[in-house]
Every structure is written in structure tokens, then in C-alpha cells.
Amino acid sequence: MSYMNACLPLLPRLRVFLCKILKENLFYACRAALEEVEGDVTELELKLDKLVKLCIAMIDTGKAFCTANKQFMNGIRDLAQYSCKDSLVETSLMKFSDTLQEMINYHNILFDQIQRSIKTQLQTFVKEDIRKFKDAKKQFEKVSEEKENALVKNAQVQRNKQHEVEEATNILTATRKCFRHIALDYVLQINVLQSKRRAEILKSMLSFMYAHLAFFHQGYDLFSELEPYMKDLGAQLDQLAVDAAKEKRDMEQKHSTIQQKDYSSDDTKLEYNVDAANGIVMEGYLFKRASNAFKTWNRRWFSIQNNQLVYQKKFKDNPTVVVEDLRLCTVKHCEDIERRFCFEVVSPTKSCMLQADSEKLRQAWIKAVQTSIATAYREKGDESEKQEKKSSPSTGSLESGSETKEKLLKGESALQRVQCIAGNAACCDCGLADPRWASINLGITLCIECSGIHRSLGVHFSKVRSLTLDSWEPELLKLMCELGNDVINRIYEAKLEKVGVKKPQSGSQRQEKEAYIRAKYVERKFVEKQAASVPLPEPGTKVLPPSQEDKRHSGPEKSLLAGEQGAASQKVRSSDSGIQPSTDDSREHLASTISANSLYEPEGDKQESPVFCDSKQPSPGLQLYQAAFEKNLPHMAEALAHGAEVNWVNVEENKATPLIQAVRGGSLVTCEFLLQNGANVNIRDMKGRGPLHHATVLGHTGQVCLFLKRGANQHATDEDGKDPLSIAVEAANADIVTLLRLARMNEEMRESEGLYGQPGDEIYQDIFRDFSQMASNNPEKLNRFQQSDSQKS
Amino acid sequence: MRAKDDEYDYLFKVVLIGDSGVGKSNLLSRFTRNEFNLESKSTIGVEFATRSIQVDNKTVKAQIWDTAGQERYRAITSAYYRGAVGALLVYDIAKYLTYENAERWLKELQDHADANIVIMLVGNKSDLRHLRAVPTDEARSFAEKNGLSFLETSALDSTNVETAFHNILSEIYRIVSQRQITGQPESEFGPSTSIEPIQVLPTQQEGRQAPCCQNI
């Protein structure tokens, strides 16, 4: 009873009910109290359910908060990593984010505890204790119904039926007993629930509050630890603000001084500096009148550098060359135009109208151009001054004028790039330092005197160009960089000591040099018969007799003849068992001896160099053919020195030429080398395909560009009746199609209207220059459609 | 006959741009050769054709560059637009997306072409009335907003093809001839008049005109 008493204050009516329930006649009266209790419990259940739901919602939201918090913290970490250059920002951000991470952990713990203390605890209470109460209630109701029935039955019994009366009375007594028992049980259950409810609610609330206490306590500790650092940072921040204010004041002061200066002078750089370290004599914005029909004025960033006038549209763009060689141009004021401050830069091929922002700037630009012209003459043309000044409007320079669009603009001049190749710092033939001329088919550098001698040999022996005055197409420059004086002299001066000729010095007489150069390149007296570095013929490749010196200058028919001749001797050899190397060699030797009518390759020479007699040696033509495929320029130069016919025909392989092999090899420079040495760009193989066909089939865009520039005939059809264009269209190679169609259009335009002043011509040149530069400098850009191996060089 | 054909007072470069399959190549063939091919293939790279017309009693020769609409068939050069004074931006009136992309093509022109290039928006395939997806008014107001002229054409039944090219060439002619009046006629692009170009045969390579030099 004591535990009952404990809950009595909670439910004062229950006591009444308890007393009354035992007195049956009073039962009815306490019914109301009972219902009230039941209602109360239902209400409690609802309230608790609601509280649990709210708690779950709170926990979920809290977890979402933690996730968001975590993301925010990651953002801070990101920012910290980004600010790794500023150690103060980085460390403090990292520290803060660590603290925040801790807080997130605390939050998670808090929510865990809330979950345990409220959700789990109350849910169990609702589910178990209230259910027990409900069970008891059900039972109580059932029993009270039974008791009701027993009463009814007892009342219905007739007095005369003693037996029935007795039975009914007994049942009534039993049910009454049972009812009393159950009723007591029920009341007990009610009291248990009431007491438990109090404990459970308070317990869970208490642990909830303790969880919070722990949370805030931990948070407090955490931030207490951090506080000194924060205070420190705050102090630093104040200092920073002070510093920034000071800096701002300084800046303002400077600004005002600058502004004062601004009033006195023009805002743009006026000075030009001829000796500028970066090579930029002057730069700045100018308006440029477009060369198309509209003559639109565009503001562009111009600069004078490396003896060129160039401009850029955007900062990252490659500069566009306006004047390729300032020495070939004049600059003049232009007053007969509607705009002010205009000046015109006139070169042999075009003129360019420019506009400065002010008269001062115009004067500065004109002066800068003029000074650059003068300096260019003084500096670069010193050794050739006499010659150049006289002849600048004639052959050599004008040729360069028309080609200079192709010029590489790499910040480095052709001279610099070529001179740093092995041996190139001294003239190839007399050793004079700082040679400024080159032979482009040989790939060597020359002093001015030797270059003059080379010129006199004729272009079929040596093609001379100036490294400073001429323009250099990118592929030609690469060619120069792959050969060089050391490589070429190893070939052309191999036997120098053996023969006993002394190489002339820079101070030698011109006649002496001339005789030497003639012997070296025309007669090739110092070339070792066959060099050791020559690769052996691949197994299966049949060896042809060496072609003769005189064939080097013969046309295609003659070389075809040579091919047939080769084929004939080939048949002889193969018919009488050419398997053993020794017989093969002797055959080979015999064949070459028979056919060799070369003045410079007497039989005796061969005897003298047993190394080369022993090994199986390909003919120079075949050597050239193979080296072209292998992209081996020194070997190609060697083969040519040995008298290889540049248009040699391999009858064993569809009558392909070295140039076709070079196409297959995929290198642009080998093609250029062969072309410079007189390769015919239009010789076709047995299937009717020329180099242009092959380059198109293989998707070698750079080579297609080169061949078109060198006048390849794109209308030739192969045995299937296909011209390069139809092959490119079939392969859907947009770049090659564009080049071919462009060249075709240009051909048509030229046919109908001569050479100069064509907008079409200009665009054609622009596009071909773009492609040439891409092919030499960014070949990967052109590989989009390539079907075979990647294009080297 | 050829010589007569080739005499002209002005030569204008005009580019055809727009999405793949809108009918650029057929517009070109209709205008230059009066041909139409229902099964024409994608243009690879670029194609050219020329035709001369009379404007103001002057002969204007149009050199028309038909470019590939499909990205993978376009050559790796922005020089397409170099020197172009006119552009026909073509879309298909039956394909709304091709019209939507006009904005991107305009951007491309802004990036690469002359700032004064004359642009005409052309809604092609106007014969496909029952399939129309781009309302004429919408396209017209878009053109007005962007300062473009506008026409709907059909390369198939020839509607407005002639007019479209004629209009754009006349507009270019008008601008260029006005500029020539205000500006000085001096120094056309090409060699400056004060300097007589001396034609010198190259001593090597450059074999286009002189194949005899090839084998040296």
C-alpha cells in the first residue's frame, strides 16, 4: 500500500476509487474517476509519442547541421591549402578548422546521447509500460462485463427454481471475486504506470540536460584552449590593419605623384631602346588598318624586336609579323588620311597603315623604326654591308621579301639557333669564326667569302642563304639544326689527311679556298668511298648497283633507266644463287665495278678501304632511300656525298623514290632535305602515287603543306584514278582537304590574275604559314587525323 | 572567255557558316552553279566557289568559302575568316537547335573575323513549311537585335538564294565604296603604289610557276 500512497498525490481520485471499488455498490460512482485516469493515460501516450517524434526530427536536423558544418569546415581547409603561400592565414585557418572539427565531433556525441536518453528511453516506456496498462485495462473491462452478465442472470432467475438460484448466486459470487481481483490488478497497474512515468520522464530529461552540459563544457574547454591563439591573431590583425593603412597612404602618395607626372608627360612609354636586353626595341598600342576591303582600324599591341615589326591581337596570341626585315622597309608620315597621327610602314610586298595615340608617340615610333633599320644594318649586315647596301632592292633580298612571311618568330634568330649546332660556330670550309651564311642543301654554315665561292658552284651543288638577311622557313631551320659542319665535314673531309690536302685557313688566298671547295663538294675528293656508319641492307632488301655520280643530275627518265639496269643485274645475281654473302659481295662488287664510270670513285679507292669491301654494302641510292625512311639526315647526306641519285628509284618497291620513303618515314625535315637537294616533288611510283599522294594517304599534314608549297601537282591521279583531294575527302581529313582546296583555289586565282595583290593569295600564304609553323613547332596539333605512326619533327 | 569572266572591280570573300546539315553547301552550289543535291555529304574542311554579279554597274566577284559545319570536319585554322568581309550564318528553319546555335556562330565570328564583317542570318529550307520549327518573326527579331540582315531561303526550290547573296554583296559593296570615297584611295593592300614591285623568279623551291627550277 505504501507505494500506492506514494502516487496518491498524483491522482487524488484514485484513492476514492480504490475504496469504492471494493464496495460494489459504489462501483458505479467511481466509474467516472476511472475514465478520467484512462483519458489521462491516452493523453500521456499522445504527448510522449509527439515528443519522441520531435526528438527524432531534432536529431535528424542536427545531423544535417553536422554534415553542413563538416562541408563548411572542408571549405575552410580548402582555403587554407590554397593560401599555402601565406603561412599566417594557412596555419590559423588550419587551427580553426581543427577546432571546428572537434566541435562537430562533440555535436555528434550530443546527438547520440539525446537519441539514447530521449528517443530510446521514452519509446520503451510508451511501448512497454503503457501497453501493459492497456492489457490490464482490457482484462478489467472483460471481467466487469462478465460480472454484469452474472448480475443480470442472477436477477433473471425465478424464485421457484431453487437449483438455478443457487447456481446463479454461485456464479455471481465467483465473478464478483474475480472482478475484485482484476480490479485491484488494474488499479495496481495504473499506479505502477503513474509512478514509472514520473521517473522515466525525469530520468530521460535529466540525461538530456547532462548531455548538453557535457557538450558545452567540452566546447568551453576547447575554445579556452584556442583563446590565447585567437587573441594573438587579433593583435596581429590589428597590426596588419595598421600596416595596410600605411601602405594605402604610401600608395596614395605615389599615385598623386604619378598623377602629377602624368600631366607633365605622356602616359605611354616614349623611349625606345635599341640595346634592350629582351630584344624589344619598342612596344605599345597602335591602331592598324586592316588590309581587307573594309580597312577597319584595330588596336593592337605592336613591338619592334629581332629586326621585325610584329603585333599581337591578344596577350597569348602568337605575334603576327608585319615587317619581316626592317631593312627592307621604309617608314613615313601619312598626312593625307582622314585620321591623325598616322604613319605608314612600306615593305616590298605590302604596306601597313598605323596610327599612334598622339603626335609624340607617332614621332617616337617612326624614330624607333628608323633607328632599328640603321642598327640592323650596322649590327647584322656588317660583314656584307657593301654587298647588301648595293643590292638590297635586287635579287637576294627581294626573294627573301616574298618569302619572309614564313619566318619563324621564336625570339631567337636563325643565326643563333643554327650557330649553336656542333661545328657551326666556325666556317665549314675555312674555319673563320661567326659564319653568317649557310648552304641549305648541305646544312652547313659559311663565312661570307666561302659563301661567295659556294654560290659560284651553282645551286645544284650549294644553295647559299644568309642567316641574318634571309628569312628562314621553320622546316629549313630544323634542317639546318639536324646537320651542321661537324656532321658534314665527317663526310666530306673524311679522307682529307689520307689524301694529304691541307684545309685552307681563314687567312688563305681566295684561289686556295676556291680550289679546296671545288675539290670538296664538286669532285668530292675527300669523301671516303663507303663509310662505316652506313647501315647494312636489311635482310630481304635486294641490293642494287650503286648509281653513278652523273645520275645525280639526271631527270626521272634517266633514273628509271638506272633502275632497270639495276633490276637487270639483280636478276643475274639472284639467278646464280646470291644467298652466300661472299658471292653476293663479289657480285655486288663486280656489278659496281662494271657500271662505275665515276671519275671520283676509281676502283683503287675501294681496294684501299677494305672495311667497306667486306661488308654487304647498299648502293648510295638505296642508302639514301633507306635513310630517308629512317629519318636519318646524316646518313642521307652521306649517301648523297657518295653520289646517290636523289630521285633514285627502287624497282623492288613499286619504283618508290627516297622522297616517297621520307614521306613514309613521317619526317618533315627529311622531305625538306631531299627537296633542297633537287628531289622532284612529282615523281610517282608504279601505282601512280607521288609524295603528295602518300602524305595524304598517311595523313601527314605537314608534308602535304610542304609539297604544295614546293609546287606539287595535286591533279595527278594514281592507278585507281584518285587524286590526293579525293583521298583526303574519303579519309575525312579536314586539314589536308583544306590545304589541297586552298592550293587549288590559289592556282586558279593565279592563273587568272597574276601574282600580286590578291587577297586570296594573302590568305593562302597566311594559312600555309600557319600550317608550316604548326608542322615544325607543334606537330602534335596536326595529328588529329593521322592514321599511321606519329609524325616526328 | 575566261579572261572576260575574271575581269571584276571588286573581289569579296564571303564565308558560309552554321551547323552541320543546314544546307550551306547547297546554297553555295545553287548560287554558283545552279545545282542542288538532295544527298550531299558533309563538307570536309572547306570548299570554294566564285561567282560574279553586277552591283551598280560594277562587277563584284564573290569568293565564297563554304566551311564544314561539323566540328570534326573543320580544319585546325582560324584563318577561315581572315579577309572575309561577309558571312552568311545559315540555320535550318525545321530544326530549332540550328537556330539556337546561331548565337555561338556569331561569337565565333566576333572572335576571329573583322569587326565590320557584314553578317546575314539565313533561315534555309523554307520549302519545309509543314515542318517549320523556327518562327520567321522570332528569327527576324533576333537578327534585328544583333544587327544582322535576315532572309529565309530554299536552296531546293531556289527561293531567295539569289537575293540573299545579292543583298549581302551589295551591302559590302556599299560599305567598301563609301569608305573609298572618304578614305584615300592610296595604297590598296598589296604593293604600295609608290614602290614598283620587281618580280624576280625565286632561285629555288617556290616551284609553282617555274617547274624547271624543280630539279636543280
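The model shown is predicted, which means the values in this text are computed figures rather than measured ones.

## With respect to the overall build of chain A
- Within chain A, the regular secondary structure consists of 27 helices and 10 strands.
- Among the 793 residues that make up chain A, the fraction classed as buried is 50%.
- Within chain A, contacts between residues separated by at least 24 positions form 67% of all contacts whose residues are at least 6 apart in sequence.
- Per element, the accessible surface of chain A, about 38,600 Å² overall, is 54% carbon and sulfur.

## What about the environment of I118(A)?
Residue and element names in this part refer to chain A.
- For I118, the location among the structural elements is in helix α4 (residues 87–156).
- On the basis of relative accessible area, I118 is assigned to the buried category, the value being 6%.
- Along the primary structure I118 and K203 are separated by 85 residues, whereas in three dimensions their C-alpha atoms are 9.1 Å apart.
- What I118 contacts, discounting residues up to four positions off in sequence, is C55, Q123, S204, M205 and F208.

## Quick notes on the UniProt feature "repeat: ANK" (unreviewed entry) in chain A
- Per the UniProt annotation, the sites labelled "repeat: ANK" (unreviewed entry) are residues 654–686 and 687–719 of chain A.
- Helix makes up 52% of residues 687–719 of chain A and strand 0%. Its end C-alpha atoms lie 5 Å apart.

## Points about the nonpolar core
- Core analysis: the biggest nonpolar cluster contains 121 residues, and W472(A), L674(A), F707(A), W65(B) and L121(B) have the highest contact counts within it.
- Take this core: its biggest share by element is nine residues, from helix α26 (residues 734–753) of chain A.
- In contact with L121(B), not counting residues within four places along its chain, are L89(B), Y91(B), A102(B), A139(B), F142(B), A143(B), L148(B), S149(B), F150(B) and L151(B).

## Some remarks on the sheet that holds strand β2 (residues 46–55) of chain B
All names here are of chain B.
- Taken in spatial order, the six strands line up as β2-β3-β1-β4-β5-β6 in an open sheet, and their pairing is mixed. A single partner strand is all that each edge strand has here, and the edge strands are β2 and β6 (149–152). Between one strand axis and the next, the sheet turns through 25° on average, direction left out of account.
- Two strands pair when backbone bridges link them, and strand β1 (residues 10–18) and strand β3 (residues 58–67) are joined in this way by seven bridges, in the parallel orientation. Across the sheet, V14 pairs through a bridge with I64, a residue of β3.
- Lying on the sheet, helix α5 (residues 136–145) is in contact with β4 (86–92), β5 (118–124) and β6; it crosses β6 at an angle near 160°.

## A look at the packing of helix α21 (residues 658–665) of chain A against helix α23 (residues 691–698) of chain A
Residues and elements named next belong to chain A.
- Contact geometry of α21 with α23 gives a least axis separation of 9 Å together with a crossing angle of 10°. On the basis of the axis angle, α21 is roughly parallel to α23. Classified by chirality, the crossing of α23 by α21 is right-handed. Only P691, H694, A695 and L698 of α23 make contact with α21, whose side of the interface consists of L659, I660, V663 and R664.
- Per-class residue counts for the contact of α21 with α23 are six nonpolar, one polar and one charged.

What counts, and at which threshold
- Residues numbered from 1 in each chain as written.
- Chains lettered and ligands numbered in written order.
- Predicted model: local features only at pLDDT ≥ 70, side-chain atom pairs only at ≥ 80, totals over all residues.
- Heavy atoms only, no water.
- Helix = DSSP H or I, 4+ residues; strand = E, 2+ residues; numbered from the N terminus.
- Buried < 20%, exposed > 50% of the residue type's maximum accessible area, 1.4 Å probe, protein only.
- Contact = heavy atoms within 4.5 Å.
- Areas by Shrake-Rupley, 256 points an atom, 1.4 Å probe, with all protein chains shown as cover.
- UniProt positions renumbered as here; feature names shortened; annotations may be inferred.
- Core = buried A, V, L, I, M, F, W, Y, C linked by side-chain atoms within 4.5 Å.
- Pairing = 2+ DSSP bridges.
- Axes fitted to C-alpha atoms, helices over the stretch in contact; angles between N-to-C directions.
- Parallel < 35°, antiparallel > 145°, perpendicular 65-115°, else oblique.
- Left-handed = near helix turned anticlockwise from the far one by under 90°.
- Nonpolar A, V, L, I, M, F, W, Y, C, P; charged D, E, K, R; others polar.

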